[in-house]
Amino acid sequence: MQALVVYCHPVPESFSAAIRDAVLRGLGTAGHEVDLIDLYAEGFDPTMGREERLGYHTPGTNVLPIAAHLERVKRAEALIFVAPTWWYGPPAMLKGWLDRVLVPHETFGMPEPMRPLERRLTNIRLLATVTTLGSPWYWWLWIGQPGRRILLDGVGGIVHPRACKVWLALHGMDSVSEGRRAAFLARVEARFARI
């Protein structure tokens, strides 16, 4: 399987980097081909400027600023996000990637009255997110899991309708023990080794 891993964290030595490496090891063990996008390392610009927004709904024009990333998404059979959850959602850099790269006419067809978005990324049969949260799990449930809903349900609405969805999260990140962190990394690696 061709797996696209979209990684987002500004600190190279972060725990998120250890999670990324566990995902990559697991995918390698399973024999999958991996393409890694490291948003901060490549200096991805998450902001959509005026001209880009004006051309957002125009087929052909909307792909010009992000053609290389879009091509990688269209080649992928698995799309895996590795990023922390900040203020209950993805970091601004990752949200900007979603805004800019998942453009209409290429990744989804625009909705019409009484018809939802048309799925155009049916090449993606696995959609996964691996994240950390400062909040405890019960608070995350209480507020409605907005980050999970964006990355698995929102993006899930434009990928293959029977795509496998995986959510792995370490809660209480600011206070968990080294033992729990190590156990989480082992769980992540094992999960992706089974895919």
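The preceding data block contains the structure.
Residue indices follow the written sequence of each chain, beginning from 1 at its first position. Whole-chain, interface and lining totals are the exception, using all residues; otherwise, since this is a predicted model, local features are given only for residues with pLDDT of at least 70 and side-chain atom pairs are given and counted only at 80 or more. The side-chain quantities take in all heavy atoms of the structure and omit both hydrogens and water.

(A) The overall build of the protein chain, seen in detail. Secondary structure counts use DSSP, requiring at least four H or I residues in a row for a helix and at least two E residues in a row for a strand, with both numbered from the N terminus. Looking only at helices and strands, the protein chain has seven helices and seven strands in total. In sequence order, the secondary structure elements of the protein chain are arranged as β-α-β-α-α-β-α-β-β-β-α-α-β-α. Two things to know: the radius of gyration comes from C-alpha atoms, and the globule rule equals 2.2 Å times the number of residues to the power 0.38. Compactness check: the protein chain gives a C-alpha radius of gyration of 17 Å against a globular reference of 16 Å for 195 residues, within 12% of the reference. For the protein chain, the spread of C-alpha atoms along the principal axes amounts to about 50 × 35 × 35 Å. Throughout, exposure labels follow a simple rule: accessible area from a 1.4 Å probe, protein chains only, divided by the maximum for the residue type, with under 20% read as buried, over 50% as exposed, and the rest as partly exposed. By residue count, 48% of the 195 residues in the protein chain fall in the buried class. What makes two residues a contact is simply this: any of their non-hydrogen atoms within 4.5 Å. Put simply, of all contacts in the protein chain between residues at least 6 apart along the chain, 80% involve residues at least 24 apart. A total of about 9,700 Å² of accessible surface is found on the protein chain, and carbon and sulfur atoms cover 56% of it. Asp and Glu are treated as the negative residues and Lys and Arg as the positive ones, with His and the ends of the chain left uncounted. For charged residues, the charge sits on one atom: NZ in Lys, CZ in Arg, CG in Asp, CD in Glu. Side-chain charges in the protein chain split into 22 positive and 19 negative, and the spacing between the mean points of these groups amounts to 8 Å. Computed with the Shrake-Rupley method and a 1.4 Å probe, the accessible areas treat only the protein chains shown as cover for residues.

(B) Structural context of the side chain of T131. Relative to the helices and strands, T131 resides in strand β6 (residues 126-132). Owing to a relative accessible area of 2%, T131 belongs among the buried residues under this scheme. Here a polar contact means two N or O atoms within 3.5 Å. Within protein one must be a hydrogen donor candidate and the other an acceptor candidate, and residues neighboring in sequence count only if both atoms are side-chain atoms. One polar contact links T131 to T85, side chain to side chain, over a distance of 2.8 Å. In this structure, T131 is in contact with A83, P84, T85, W167, L168, A169, L170 and F184, ignoring residues within four places of it in sequence.

(C) Structural detail: unusual backbone geometry. Despite not being glycine, Y88 has its phi angle at roughly 75 degrees, a positive value. Mapped onto the elements, Y88 comes out in the loop between β3 (78-82) and α4 (92-101). One non-glycine residue with positive phi stands out, namely H105, at about 75 degrees. Here H105 is to be found in the loop between α4 and β4 (108-109). Here H105 falls in the partly exposed class, since its relative accessible area comes to 28%.

(D) The nonpolar core, seen in detail. Core analysis: the largest hydrophobic core is formed by 36 residues, its most contacted members being V6, L39, L79, F81, L94 and W97. Listing elements by their share of this core, those giving two or more residues are β1 (2-7), α3 (67-75), β3, α4, α6 (146-154) and β7 (164-170). Among the elements that take part in this core, α4 stands out by supplying five residues, more than any other. When residues no more than four places from it in sequence are discounted, the contact partners of F81 are V6, L94, W97, L98, L127, A128, T129, V130 and L151. Here, the term nonpolar core denotes a set of buried Ala, Val, Leu, Ile, Met, Phe, Trp, Tyr and Cys residues that are joined through side-chain atoms within 4.5 Å.

(E) View of the sheet that holds β6. Between any two strands, at least two bridges found by DSSP are needed for them to pair. In space, the five strands of this open sheet follow the order β2-β1-β3-β6-β7, with parallel pairing throughout. Across the chains shown, the open sheet's two edge strands, defined by having one partner strand only, are β2 (33-38) and β7. Averaged over all adjacent pairs, the angle separating strand axes in this sheet is 15 degrees, with direction ignored. The pairing of β6 with β7 spans seven bridges and is classified as parallel. Along β7, the bridge assignment pairs A128 with V166. Here the axes come from fitting lines to C-alpha atoms, over the contacting stretch only for helices, and the angles between their N-to-C directions go from 0 to 180 degrees. In this fold α3 packs onto β1 and β2, with an angle of close to 150 degrees to the strand it touches most, β2.

(F) Just the packing of aromatic side chains, in detail. Pairing of aromatic rings covers Phe, Tyr and Trp, the last counted by its six-membered ring, and requires centre-to-centre distances within 6.5 Å; plane angles under 30 degrees mean stacked, over 60 mean edge-to-face, and any other angle means tilted. Across all of its chains, the model carries four aromatic pairs by this definition. Look at F81 and W97: their rings are 6.2 Å apart centre to centre, the planes differ by 75 degrees, and that puts the pair in the edge-to-face class. Here W97 lies in helix α4 and F81 lies in strand β3, a separation of 16 residues in the sequence. Residue class for W97 comes out buried when judged on its relative accessible area of 0%.

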